[in-house]
Amino acid sequence: MPIQNTILIVEDEFITATSILELLTEENYTIIGVANNASKALLLCNKTLMPPTVVICDINIQGPVKGIELATQLSKLYNCEIIFLTAYHDTKTLNSAFDLGPTMYIVKPYTDTQLLVAVQLAFHKVFEKQQVKSSAKIILTQREKEIVQLIAKGLTSKEIGRKLHISTETVKTHRKKILEKNEMHNFSELIFMMQQAL
């Protein structure tokens, strides 16, 4: 069974949550929901047919249950990877967060590239845990290789378009064709498979 590219966003700052949602949707990830507190996050996970593979979780969320406690629960329930977002980087907070073994700890403000790379790393950890292997050869044209390399560096479709002097829509078309012809579900999987083949 293929690993789903499902992400749960737990963030109580509306603008930040919307920005993450738009970025990851644009990059073809499946967002199961956005929650601003622990109870809503757990409810979203219970209602969905596809539990989260990766959770992006702010440490200081609304309500009595804070982000680290919620992330611990979600990790036990769904064996998902955790990416922490926070404005806090004091030793006590860091130690509490690192006890859970998150994929990444991102301090606000962050860039789109930092977040996309963190998400890719989280999925790579999932693939390693699941011992995902592929016997199929990955087929890419030279232009497609350039696009995949830039995706691996955390560039968005818009940034790739600017860098390669092509439109964002052309980048999206390439991305769709790359996944279809290689029978992959997302770019995190494709990049992981390419690195395994090296």
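The following paragraphs examine the structure supplied in this document. Every value quoted in this text rests on a predicted model; they were computed, and no experiment measured them.

## Examining empty space enclosed by the protein
Thinking step 1. Tallied over the full model, the rule gives one cavity of 30 Å³ or more.
Thinking step 2. Taken as a whole, the largest cavity spans an internal volume of roughly 70 Å³.
Thinking step 3. Considering the residues around the largest cavity, the lining is formed by Glu-27, Tyr-29, Leu-116, Gln-120, Ile-151, Leu-155, Arg-175, Phe-187 and Ser-188.
Thinking step 4. Of all the elements in the fold, those that place two or more residues in the lining of the largest cavity are helix H5 (112-129) and helix H9 (187-197).
Thinking step 5. Looking at side-chain class alone, the lining of the largest cavity contains five nonpolar, two polar and two charged residues.

## Observations regarding the pattern of salt bridges
One side chain can pair with another of opposite charge once the charged atoms of both are near each other.
Thinking step 1. This structure, assessed with the given rule, holds eleven salt bridges.
Thinking step 2. Notably, a salt bridge pairs Glu-11 with Lys-108, separated by 3.0 Å at the nearest N-O pair. In this pair, Glu-11 sits in the loop between strand S1 (6-10) and helix H1 (14-26) while Lys-108 sits in the loop between strand S5 (104-107) and H5, placing the two residues 97 residues apart along the sequence. This pair shows no difference in class: Glu-11 is buried, exactly as Lys-108 is.
Thinking step 3. The network of salt bridges with shared partners includes Glu-11, Glu-13, Asp-58 and Lys-108.

## Structural notes on the packing of helix H7 (residues 157-164) against helix H8 (residues 168-181)
Thinking step 1. At a minimum axis separation of 8 Å, H7 and H8 run at an interaxial angle of 110°. For the element pair H7 / H8, the angle class is roughly perpendicular. Facing Ser-157, Lys-158, Ile-160 and Gly-161 of H7, the residues of H8 in contact are Thr-168, Val-171, Lys-172 and Arg-175.
Thinking step 2. In terms of residue class, the contact of H7 with H8 is built from two nonpolar, three polar and three charged.

## With respect to the side chain of Thr-16
Thinking step 1. Its place among the elements puts Thr-16 in helix H1.
Thinking step 2. Within the structure, the side chain of Thr-16 is placed 3.1 Å from the side chain of Glu-13, a separation counted as a polar contact.

## Comments concerning the environment of Ile-7
Thinking step 1. One can find Ile-7 in strand S1.
Thinking step 2. Ile-7 sits in the buried class, given a relative accessible area of 0%.
Thinking step 3. Sequence separation between Ile-7 and Glu-22 is 15 residues, and the spatial gap between their C-alpha atoms is 13 Å.
Thinking step 4. Contact partners of Ile-7, with chain neighbours within four places excluded, come to Leu-24, Tyr-29, Thr-30, Ile-31, Ile-32, Gly-33, Val-54, Ile-56, Val-119 and Phe-123.

## What about the environment of Glu-189?
Thinking step 1. Inspection of the secondary structure assignment puts Glu-189 in helix H9.
Thinking step 2. With 185 residues separating them along the chain, Glu-189 and Gln-4 place their C-alpha atoms 9.9 Å apart.
Thinking step 3. When near neighbours in sequence (up to four residues on either side) are disregarded, Glu-189 contacts Phe-127 and Met-184.

## Some remarks on the packing of aromatic side chains
Thinking step 1. By the definition in use, this model includes four aromatic pairs.
Thinking step 2. Taking 6.4 Å as the distance between ring centres and 35° as the angle between the ring planes, the aromatic pair formed by Phe-123 and Phe-127 counts as tilted. Taken together, the residues Phe-123 and Phe-127, both in helix H5 and four residues apart, mark about one turn of the helix.
Thinking step 3. Exposure remark for Phe-123: the relative accessible area of 0% places this residue in the buried category.
Thinking step 4. The exposure class of Phe-127 is buried, given its relative accessible area of 2%.

Reading guide: rules and limits
Residues numbered from 1 in each chain as written. Predicted model: local features only at pLDDT ≥ 70, side-chain atom pairs only at ≥ 80, totals over all residues. Heavy atoms only, no water. 1 Å grid on protein atoms, 1.4 Å probe; cavity = no way out; pocket = protein on both sides within 12 Å on 5 of 7 lines; lining within 4 Å. Points joined across faces, edges and corners; volume = space filled by probe spheres on them. Helix = DSSP H or I, 4+ residues; strand = E, 2+ residues; numbered from the N terminus. Nonpolar A, V, L, I, M, F, W, Y, C, P; charged D, E, K, R; others polar. Salt bridge = Lys/Arg side-chain N within 4 Å of Asp/Glu carboxyl O. Buried < 20%, exposed > 50% of the residue type's maximum accessible area, 1.4 Å probe, protein only. Axes fitted to C-alpha atoms, helices over the stretch in contact; angles between N-to-C directions. Parallel < 35°, antiparallel > 145°, perpendicular 65-115°, else oblique. Contact = heavy atoms within 4.5 Å. Polar contact = N/O pair within 3.5 Å; in protein donor to acceptor, adjacent residues only side chain to side chain. Phe/Tyr/Trp six-rings, centres within 6.5 Å; stacked < 30°, edge-to-face > 60°.

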